[in-house]
Amino acid sequence: MPPSALGGECLQLYGCLSVSRSPQRRVRAQRGVWVCFRPAARPGWLRRAWTGPRAPGALRGRTAAPPHGPVQRPPHHGGHASPVSRDMAGGPLGPAAARPPQHGGRPLAPAAARLRRRLGRPPAPPPGRRRSRPAPPCPCARGARGEQRSAPRGAMGRAGRRLPALAALFYGALAALVLLGVRDVMFLYEENRCSMTYMYEYPEYLKIKLPKKTARRYPAYELYLYGEGNYAEENKNLLLTGIPVLFLPGNAGSYKQVRSLGSIALRKAEDVDFKYHFNFFSVNFNEELVALYGGSLQRQTKFVHECIKVILKLYRDREFAPSSVAIVGHSMGGLVARALLTLKNFKPELINLLITQATPHVAPVMPLDKYLTDFYTAVNNHWILKAQDLRNLTTLSVAGGFRDYQVRSGLAFLPRLSQHDSALSVVSSAVPRAWASTDHLSIVWCKELILATIRAFFDLIDENTRQITEDPKKRMSVLNHHFVRHPAKMFEENPEAFTNLTGTFMWITVKGSKWTYSVYNDSDGKYFSFPLENHRKSYSHVYCENSMLDTSSWIYGCMNTNSSMCLEAADLSWRAELLPTTKVVMLKLVDYPSLSHIVIQVPPAVGNKYTLGCEFFKEDSRTVQLPVTHLFSFGLSSSKILLNSTGLLYNVQLLHFNQIYQAFKIYIDSHCQSLRERKPSVYRLHIPWSYEDSITVAKVPSHAEISARLHIAQPPNDSSLPELNIYSSPDCQYEVILKTSLLQVLGQIVRFHAGAFPVYIVSNILLTYGGQLSTLRATGQCSDFSLELVRTAKPYKVEPLISIVVFLQGFNWFREIWESLSLPEVDAAVLSSQDAWFPLVSLILFLFGTGIAYWSGIFFSASLRLFSSLWLILIRPTVLQQDKLITPRRLCGMISLALVSWTTCGAFAVLIIYLQYLFKVVKLQVTVRAEQNMHNGDSGLSKETSQNSSTHTVKAQSSVDSIPEATQSPSNSKTLAEAVNSLKMHITILNLFTWIVLLSLPSLIYWLKNLRYNIRLDPDPCRSTAVILICILEILMNSSTSEVKSSKLLKIAAKVPLPLSVAMLAFGRMHLYRVPHFVTFSLLLHVLCCFV
């Protein structure tokens, strides 16, 4: 305890710097040193000192001066303290007071000793000669007049600790929602109901020799002819007599994908004794990534034009020489086929039929470069503006449905303005006799779809020319027959309008409104006649179904009758529709005023069993309206109806179901009164404004689950309602329950807007980067990435301005001003025109981007720490030192990388500078960790030493007169603090740069794949940006925050990321290649801050 003989008060200072009003009178104290003053001589700065019996290094609360006698403070140790005078070792705060006393030479802490040896530093002096360590910053210097409230500090500390935890929990929930949406898109789809196609003989691909000029201009591309067995041998001499069909593979696709079409077409030709057959050609595009790099799309288009010329030359001087080629394009191959019509020297009559499979016609899936978006703009504008000139070209686009998560079906529909009479878009789940969703690759080998395509090809043949017909109306009729509504009959171009019902069949008249008939081993044919005269008064529709799925006619409309039979009838079987288990027909009686009877033909059935049924009904009695639940009901509420089935068909209209962000689960429970065997029920979700129906077959009784989602939103001028058609069994009860599916809503958001996630993530990181610069300017310290993201990444900073601009663009005056400034159109407005935008989607995407940015930043920092730990184990760390921004060696490296970018591939140079930057950051992390570990070791030793030190007392006047040299703060602590700040800033910049590298990666892969053909990538979307980034990052990787803090441009550099983030979200959603430009501009200002 301090001696009371001094008659003063004593204070033990723990690393606290107490400063008087005069700048010349200041005291520095080592840990655990007691300073005593006479009551009369107690200086003013002591009244503002932080006192109180707290732990060493902790903050002390301020206490008032004692009114009576000296204030005694407990000593640091239990031993009695001895007085200290000015005669002892140079004054009250001289070496004797600043150094702890000798205590037997306690050895240095092992961890600190090891770090000093690895850093190449001399060992620390023994405790008796220990260097003076800088004291921690005094908390009393933070407040005005050295005051700080200590009472609420515990609550503030707890709140400060809770904030990161709450932020991690919130952003973790956002990231989990994103993962749930991704899971719904990529995994929770219907099972694959496609059958595999097989070759009966070994497939062969005969390479077609191209003209030397073409082969020299396109060395990476080739043309092949498909064949099998004897057919391949016959075609080796290229004496071809068939109908040419050219297959174009898509993104990273192989020319061998033609084998499914070629093999099934060969089997079909054998069935008709090769009266007609097809020659399938395929183009080898070297499996280029054209969906991610658009620089080669124009080159592929020109090569396909040359291939068409070569193919038609092979048929020269043949008896039935073709004048055109049919094209089947998978994925981006379909877009290349459409682009043929944009070539100046291309003749449109060279192709008359185009079938595309899972082709993104509307927009690219990932618009990663300008060449890709420009190519799309040119093709779609041409097809819209020249739609009347393309009427002779028949186009069919087949989408894969929800199984295809690479190309959503909405992108596969041809642009709306080009939907003329010769264009058709369907989803594979709605194709008759397929009724199956396909993924992006299985669409080229799905047997059900390939059979529909080949049947359509053979029905398109003109018997006179033995080529595909030149009549566009017939082509559309064939495609509608096989891909839209199949009547369960063989295609006939001009079916007979009337027919005579002859034969020895028995005629039976049915007068009831409901009729069901089962046939089993019936050797006698029958005609069932339904008089319409009485039914017209009571009913509006007639519905009939037949479970025999043959292609013969079975239902007629009687035009002329006698007393016993129908003499002349119209074949109504062409009005039927094929379903998986039955063929059905529904007729509106008002549309057939001339019919007197409906006649059902039942042919002899030897060994067959099937059922027929007919009923008359009013439309209102079989139509039920079911309002869908609200989006934000989250499945907690439901809509329910109960159908007591007495008929064969019910239509459930789904009210307010018209937007792409809506997603529902429909549960159908069927219960029957008897246990007899019944035909399966068929449930069809019918979307009237697009061909995207989905069909589910369920046994009765059963529990069925149907997902209700849209590929295309309802057009503004369409008032039709989606329907759930229930082809039911009589005497059964159906309960229909509809609930909102939150998981599928998230899946729809991911499905439609996953391509924009990089924009929102980089925007959040850029806001955080600006916040770190602002904090550096205000406090001189760089904040942590995750904490700054929580503070600055707020949607209200960016979203309102974009919404206002989109709203104002609805006015002509604002649009004219916008166009006069040559500003690009806001991406949100474009998405709205494509019906891919909906309320609050931008806010949701921003929050999703924040969650991903938060956890990706944590993962990135953790990865750097892991690498630095491995480095620290394997390699000796270096000493912290300040690097020069530019040296001759670095300047040469910068020029070399710029030349690499200009002569080879910009993305390759960007990757090199990224790896160099990553190496620098990891190296800095290693050095900082080594220094921190050494300081921690020294602190531990100091604490051990202080426990055995003596307590010293000094006089007040002596304490302010002496400023010993040994107690000055060394510069290495300041250097370490600056290194930590620089490390935080470098991690954020590296995080930004990582996304730039990821966005430029496809062009790098394309360049590496084609390196054997050309060492220079041309065109290169990253070349100019790469040169700028190389110069910027070469400087930034050697910079520190100490150079930036004093910059005059720091204020501007800290404020620029906010408008850049707004511009990025406004113009980068559909143009991802613009994202590096915004980041580059922000980093360029950072570089200027290092010099100005």
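Residues numbered from 1 in each chain as written. Predicted model: local features only at pLDDT ≥ 70, side-chain atom pairs only at ≥ 80, totals over all residues. Heavy atoms only, no water.

1. What to know about a nonpolar patch on the surface
Reasoning step 1: A cluster of nonpolar side chains, namely I886, L891, I895, L899, F1081, L1084, L1088, F1091 and V1092, defines an oily patch on the protein surface of about 790 Å² accessible area.
Reasoning step 2: Secondary-structure elements contributing two or more residues to the nonpolar patch are α22 (888-903) and α30 (1075-1089).
Reasoning step 3: Within the fold, F1091 resides in the segment after α30.
Reasoning step 4: What makes F1091 partly exposed here is its relative accessible area of 48%. (Patch = residues over 30% accessible without salt bridge, like charges linked within 9 Å, V, L, I, M, F, W, Y side chains within 5 Å. Areas by Shrake-Rupley, 256 points an atom, 1.4 Å probe, with all protein chains shown as cover. Salt bridge = Lys/Arg side-chain N within 4 Å of Asp/Glu carboxyl O. Helix = DSSP H or I, 4+ residues; strand = E, 2+ residues; numbered from the N terminus. Buried < 20%, exposed > 50% of the residue type's maximum accessible area, 1.4 Å probe, protein only.)

2. Here we look at the confidence of the model for the protein chain
Reasoning step 1: Summarising the model, the protein chain shows a mean pLDDT of 82, and 81% of its residues fall at 70 or more.
Reasoning step 2: Below pLDDT 50 for its whole length, residues 1-109 participates in 230 contacts with residues either more than four positions away or in separate chains.
Reasoning step 3: Segment residues 127-157 is flagged for pLDDT under 50; beyond a separation of four residues in sequence, or across chains, it makes 54 contacts in the model. (pLDDT = per-residue confidence, 0-100. Contact = heavy atoms within 4.5 Å.)

3. As for the pattern of salt bridges
Reasoning step 1: Summed over the entire model, instances satisfying the criterion amount to 22 salt bridges.
Reasoning step 2: Its salt-bridge partner being E270, residue R267 comes within 3.2 Å of it at the nearest N-O pair. Of this pair, R267 and E270 are both found in helix α7 (residues 259-271), three residues apart, which corresponds to roughly one turn of the helix.
Reasoning step 3: In this structure E270 comes out as partly exposed when scored by relative accessible area, which is 37%.
Reasoning step 4: We note a salt bridge from K370 to D374, for which the minimum N-O separation is 2.8 Å. Here the residue K370 and the residue D374 both occupy positions in helix α10 (residues 370-385), the gap between them amounting to four residues, near one helical turn.
Reasoning step 5: Connected through salt bridges with shared partners, the residues E201, E228, R267 and E270 form a single ionic network.

4. Let's talk about the side chain of T927
Reasoning step 1: Tracing the sequence through the fold places T927 in helix α23 (residues 906-946).
Reasoning step 2: Not counting residues up to four positions away in its chain, the partners in contact with T927 are T878, V879 and L880.

5. Side note on a positive patch on the surface
Reasoning step 1: On the surface, K209, K212, K213, R216, R217 and K302 cluster together into a patch of positive charge.
Reasoning step 2: Considering every element that reaches the positive patch, the biggest residue donor is helix α5 (residues 212-217), with four residues. (Lys, Arg positive; Asp, Glu negative; His and termini not counted. Charge placed at Lys NZ, Arg CZ, Asp CG, Glu CD.)

6. Comments concerning the sheet that holds strand β17 (residues 514-522)
Reasoning step 1: If you walk across this open sheet you meet the five strands as β17-β25-β19-β23-β22, and the pairing is antiparallel. The open sheet has two free edges, formed respectively by β17 and β22 (577-578), since each of these has just one partner strand.
Reasoning step 2: Pairing analysis gives eight bridges linking β17 to strand β25 (residues 605-617), with the strands arranged antiparallel. Note that in β25 the partner of Y520 across the bridge is K609. (Pairing = 2+ DSSP bridges.)

7. Digging into the sheet that holds strand β28 (residues 649-655)
Two modes of strand pairing occur in sheets, parallel and antiparallel, and in both the strands are linked by backbone hydrogen bonds.
Reasoning step 1: Pairing within the open sheet is mixed, and its five strands lie in the order β26-β28-β33-β30-β31. In this open sheet, the two strands that pair with only one neighbour each are β26 (623-627) and β31 (694-698). For this sheet, the mean inter-axis angle between neighbouring strands, taken without regard to orientation, is 20 degrees.
Reasoning step 2: Across five bridges, strand β30 (residues 681-686) lies against β31 in antiparallel orientation. Counted as the bridge partner of L685 is S694 from β31. (Axes fitted to C-alpha atoms, helices over the stretch in contact; angles between N-to-C directions.)

8. Section: the environment of A663
Reasoning step 1: Take A663: it is sitting in strand β29 (residues 663-672).
Reasoning step 2: Judged by its relative accessible area of 1%, A663 falls in the buried class.
Reasoning step 3: On a C-alpha basis, the gap between A663 and R709 in space is 4.9 Å, while along the polypeptide they are 46 residues apart.
Reasoning step 4: The residues contacting A663, other than those within four sequence positions of it, are A708, R709, K739, T740, S741, Q744, V745 and Q748.

9. Focus on the packing of aromatic side chains
Reasoning step 1: Evaluated as defined, the whole model comprises 35 aromatic pairs.
Reasoning step 2: Note on Y293 and Y1006: the rings are 4.4 Å apart at their centroids and 35 degrees apart in plane angle, and the pair reads as tilted. Taken as a pair, Y293 in the loop between β8 (278-284) and α8 (297-314) and Y1006 in helix α25 (residues 971-1009) lie far apart in primary sequence, 713 residues in all. The same class applies to Y293 as to Y1006, namely buried.
Reasoning step 3: Among the aromatic side chains, those forming a connected cluster through ring pairs are W515, Y517, F528, F530, Y539 and F616.
Reasoning step 4: Cation over ring: R709 sits above F402, and NZ or CZ is 4.0 Å from the ring centre. (Phe/Tyr/Trp six-rings, centres within 6.5 Å; stacked < 30°, edge-to-face > 60°. Lys NZ or Arg CZ within 6 Å of the ring centre and 35° of its normal.)

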